[in-house]
Each structure stands twice: as structure tokens, then as C-alpha cells.
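For reference, the chains in residue letters:
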There are 2 protein chains.
Amino acid sequence: MVADGISAGTGSYETPPSVAFLVSRVGFEVSSQLAAGLAPLGIEPRDFGLLRAIAQTEGESQRSIGQALSIPPSRMVTLIDDLERRRLVRRRPQPSDRRAHALYLTPAGKRLLDKAADVAMRIEMTLCAGLAPAEREELLGLLGRLAEGAAPPGVHPALAGAGRE
Amino acid sequence: MVADGISAGTGSYETPPSVAFLVSRVGFEVSSQLAAGLAPLGIEPRDFGLLRAIAQTEGESQRSIGQALSIPPSRMVTLIDDLERRRLVRRRPQPSDRRAHALYLTPAGKRLLDKAADVAMRIEMTLCAGLAPAEREELLGLLGRLAEGAAPPGVHPALAGAGRE
DNA sequence: TATTGTTATACTCTATAACTATA
DNA sequence: TATAGTTATAGAGTATAACAATA
């Protein structure tokens, strides 16, 4: 099970009216839902992130993608090994640098990525089911402003762990 | 480092305009900030949650608090051992049932809990610094409605992990 | 016989460092 | 000598199951 950390002590004990607390709590729930929704597809949230990254930068080297996602090289080996074994990703030799492996999605990988995106979309719809379209827009705007202010300028380390830091 | 899971693949690659994604991303950031802010106090988010739970149910048994937070008994032993070694928590025999240990905060534990609450409050203030008071209220309301709809009825398993699932 | 706390153990996840093959 | 990928290894964190004392 994924584990959040900040929502710690939620339970039946207390529910401080704090944005930080609520965001963390809902974020945790959403993470769990994503993991549960992805499980039938045989992948985890981190694989989803990896597949997306590969899809959007086809041909990039293993290390380069790992760096962008803050995944150390040795970990990338295991993760890509796994995806390659399932025929979702392929390592191809790079003519320009024979040390490097360029990563590509297989057709099966692309199909799976589409299915995973569907799962994510369904979660979004369920999550916002109680909100009017205008309310959802309002929420998106407010959260976006929080994200801008709070996030470190570059990439944030989200793929690294299993549950939640 | 704490790790979220759903925010996977954030990086420089993509930023879907999704509430689920944004909530998870910001929630992850907040968790990291809490961990960082608590570190100088010598505790982690899960300890914070545990201290709060004990503070609000003084005298409850170890098992009972563990159950409320979805922490297995064997894990509670280690966690409470740790807090007791630092003189933040005390186990006291229960006259009614000599198998059970009732948990109490020491004065030092209460002081530390106060400090931790300050840390959390500062994070909240920083997070919402860019929002007008009315906007923050709006956000609280919208998030509250998400939390109601998305959360399972009872307790949610947040204390289990280290950072974020 | 069931339950509280504990211990022992095994498993998963992850990162660090050493290694190889190229550059 | 530096870098891409790999392998080996060791550490942290966690859960499961066996155990002792008490109910």
C-alpha cells in the first residue's frame, strides 16, 4: 500500500481545517486509487510515469530519462528490465554512442499507456464528480497557483518512491 | 526522500491539467516540506501523527491506537520504543488489564508536539501566501468536498509509510 | 481459548559503490 | 580520463508469524 506521511494521524482523531492537510490527504487518496486502478494492467504508478516519459522523448538514453525523473542509473536498469520483459519498452542500440541504450515504447507499450491514461481520467472524473464545471476550473486555478509557489523550480522527485515520501 | 507515486512523470515532460494530478503534486511537496521542517525536531511526519493521536486519546492502549491508525502491533512496538527512548511518550501499566500498556505524552512530548504544530502552521501559511483570505476559504471548501467524496468512510492508511506513497 | 505486547525473521525496496565497455 | 549501463551488496523499512504473559 502506498503511504503518504503527512496525512499521518488522520484517522478518527482530528481534521485540521488546513489546505496543506487536505491537499495531502486527498493526494494520498488519489495515489491509492491510481495504484489500484493500474494494478489490473500489471503496472504501478511509477511505471506509468516512466512510460509517459519515454513516450514523450522517444529515443532518449536510459540515463537521460533517469536524470529527468531523479531515478539513479542502477534503479533504471531494474525498472527498464522489467518493462522490457513485458514487451512494453525496447532498448535499442544507439549508432552514435554504442554505450548508450535508446528507449522506445513498443506498440503494446503504447496501447497500455493509453489504457493507463484512461484509468487516470476516470479517477479525475470520479474525483470531481461533485463539482460543477466552473467549480472545477476554479479549483484547478487555485491549485495551480499553489503548485507554482510551492514547487521547486525544476523537476520534483516523485517517481522515486513507491508510496509517498 | 519521500516519494509520492502518482506525481510520477512530472518532470519536464508533462503537466496535465488535472485536479488529481495537481493535488497529488502539491500534496507531495507539502509532505516533503513537513518532513524537512520536522527533521530539526528529531521526528518524522509519522511520529507527529502518532504524538497527536496519543495526545488526543491519553491512556489508550498501544494496540487501540495502532488500530485507529492502521499500524500493525509489531510496528507499534518499534515506534513507541523509539518515542519512549526520547522521553516523549511513556508506557504505563493498566490496572484493569495487566497485559496492556497505556500511552501518555510526557511534558517534553507535549512541548515537542506544540513545536511540530507550529511547523505545520508555518507550512500552511507559506503554502497559502499567494492566496487572498477569501480564496483560501474557497479552496478549503472545494478540497473538503473532494475529501468527502473520495475518502473511504473510516480511517485512511496514511501513517504507514515514510514519505509519501 | 483469546488477546496484548513482544521478538524473530524474512521480504521488499532502494541506493552506493565496484565493474565493463565504450568514448 | 570520463561516461553509459550493469552488477553486487548492504541498508532501511516493513510485515508475518511464532512466543510469553495475562485474560
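Data block above holds the structure.
Since the model is a prediction, treat every value here as computed from it, not as a measurement.

1. Comments concerning the overall build of chain A
Then, in step 1: Counting secondary structure elements, chain A contains 6 helices and 2 strands.
Then, in step 2: Taken from the N to the C terminus, the helices and strands of chain A come in the order α-α-α-α-β-β-α-α.
Then, in step 3: Counting the 165 residues in chain A, one finds 53% classified as buried.
Then, in step 4: A separation of at least 24 residues holds for 57% of the contacts in chain A among residues at least 6 apart in sequence.
Then, in step 5: Accessible surface computed for chain A: about 7,600 Å², of which carbon and sulfur atoms make up 54%.

2. So, the environment of S24 of chain B
Then, in step 1: Within the element layout of this structure, S24 of chain B appears in helix α1 (residues 19–38).
Then, in step 2: A sequence separation of 32 residues divides S24 of chain B from Q56 of chain B, and the C-alpha atoms of the two residues are 28 Å apart.

3. Section: the protein's contact with DNA strand C
Then, in step 1: Neighbouring DNA strand C are 20 residues, the closest being R46 and R75 of chain A together with R63, R91 and R99 of chain B.
Then, in step 2: Among the atoms of DNA strand C close to the protein, meaning within 4 Å, 63% are from sugar or phosphate groups.
Then, in step 3: Measuring from a base oxygen of DNA strand C, one finds a side-chain N or O atom of S74 of chain A at 2.8 Å.
Then, in step 4: The side chain of R99 of chain B places a nitrogen or oxygen atom 2.5 Å from a base oxygen of DNA strand C.
Then, in step 5: Where the surface near DNA strand C is concerned, the elements lending two or more residues are α4 (73–85) of chain A together with α3 (62–68) and α4 (73–85) of chain B.

4. Some thoughts on the protein's contact with DNA strand D
Then, in step 1: Around DNA strand D, a shell composed of 20 residues is seen, among which R63 and R99 of chain A together with S74, R75 and R98 of chain B lie nearest.
Then, in step 2: In DNA strand D, atoms within 4 Å of the protein come from the sugar-phosphate backbone in 67% of cases.
Then, in step 3: R91 of chain A is positioned with one of its side-chain polar atoms (N or O) 2.8 Å from a phosphate oxygen of DNA strand D.
Then, in step 4: Between DNA strand D and H101 of chain A, the relevant distance is 3.0 Å, taken from a phosphate oxygen to a main-chain nitrogen or oxygen of the residue.
Then, in step 5: Mapped by element, the contributors of at least two residues to the surface near DNA strand D are α3 (62–68) and α4 of chain A together with α4 of chain B.
Then, in step 6: When residues of the surface near DNA strand D are assigned to their parent elements, the largest contribution, 3 residues, is made by α4 of chain A.
Then, in step 7: A breakdown of the residues in the surface near DNA strand D according to their chemical character gives 6 nonpolar, 6 polar and 8 charged.

5. As for the packing of helix α1 (residues 19–38) of chain A against helix α5 (residues 107–127) of chain A
To characterise two packed helices, one gives the angle between the axes of the helices and the distance between these axes.
Residues and elements named next belong to chain A.
Then, in step 1: It is at 10 Å that the axes of α1 and α5 come closest, and there the two elements cross at 140°. With respect to α5, the element α1 is oriented oblique. As α1 packs across α5, the resulting crossing turns out to be right-handed. Between α1 and α5, the contacting residues are V26, V30, Q33, L34, G37 and L38 on the first element and A116, V119, A120, I123 and L127 on the second.
Then, in step 2: Taken together, the residues of the contact of α1 with α5 sort by class into 9 nonpolar, 2 polar and no charged.

6. Description of unusual backbone geometry
Then, in step 1: Despite not being glycine, R87 of chain A has its phi angle at roughly 60°, a positive value.
Then, in step 2: Along the chain, R87 of chain A falls in the loop between α4 and β1 (89–93).
Then, in step 3: Unusually for a residue other than glycine, S70 of chain B sits at a positive phi of about 60°.

7. Observations concerning the pattern of salt bridges
Opposite charge on two side chains permits pairing when their charged atoms draw close.
Residue and element names in this part refer to chain A.
Then, in step 1: Within the structure shown, the criterion is met by 16 salt bridges over all chains.
Then, in step 2: Across the pair E124 and R136 runs a salt bridge whose closest N-O atoms are separated by 2.8 Å. Taken together, the positions of E124 in helix α5 and R136 in helix α6 (residues 133–150) put the pair 12 residues apart, joining distant regions of the chain.
Then, in step 3: The exposure class of E124 is buried, given its relative accessible area of 8%.

About the thresholds
- Residues numbered from 1 in each chain as written.
- Chains lettered and ligands numbered in written order.
- Predicted model: local features only at pLDDT ≥ 70, side-chain atom pairs only at ≥ 80, totals over all residues.
- Heavy atoms only, no water.
- Helix = DSSP H or I, 4+ residues; strand = E, 2+ residues; numbered from the N terminus.
- Buried < 20%, exposed > 50% of the residue type's maximum accessible area, 1.4 Å probe, protein only.
- Contact = heavy atoms within 4.5 Å.
- Areas by Shrake-Rupley, 256 points an atom, 1.4 Å probe, with all protein chains shown as cover.
- Near = heavy atom within 4 Å.
- Polar contact = N/O pair within 3.5 Å; in protein donor to acceptor, adjacent residues only side chain to side chain.
- Nonpolar A, V, L, I, M, F, W, Y, C, P; charged D, E, K, R; others polar.
- Axes fitted to C-alpha atoms, helices over the stretch in contact; angles between N-to-C directions.
- Parallel < 35°, antiparallel > 145°, perpendicular 65-115°, else oblique.
- Left-handed = near helix turned anticlockwise from the far one by under 90°.
- Salt bridge = Lys/Arg side-chain N within 4 Å of Asp/Glu carboxyl O.

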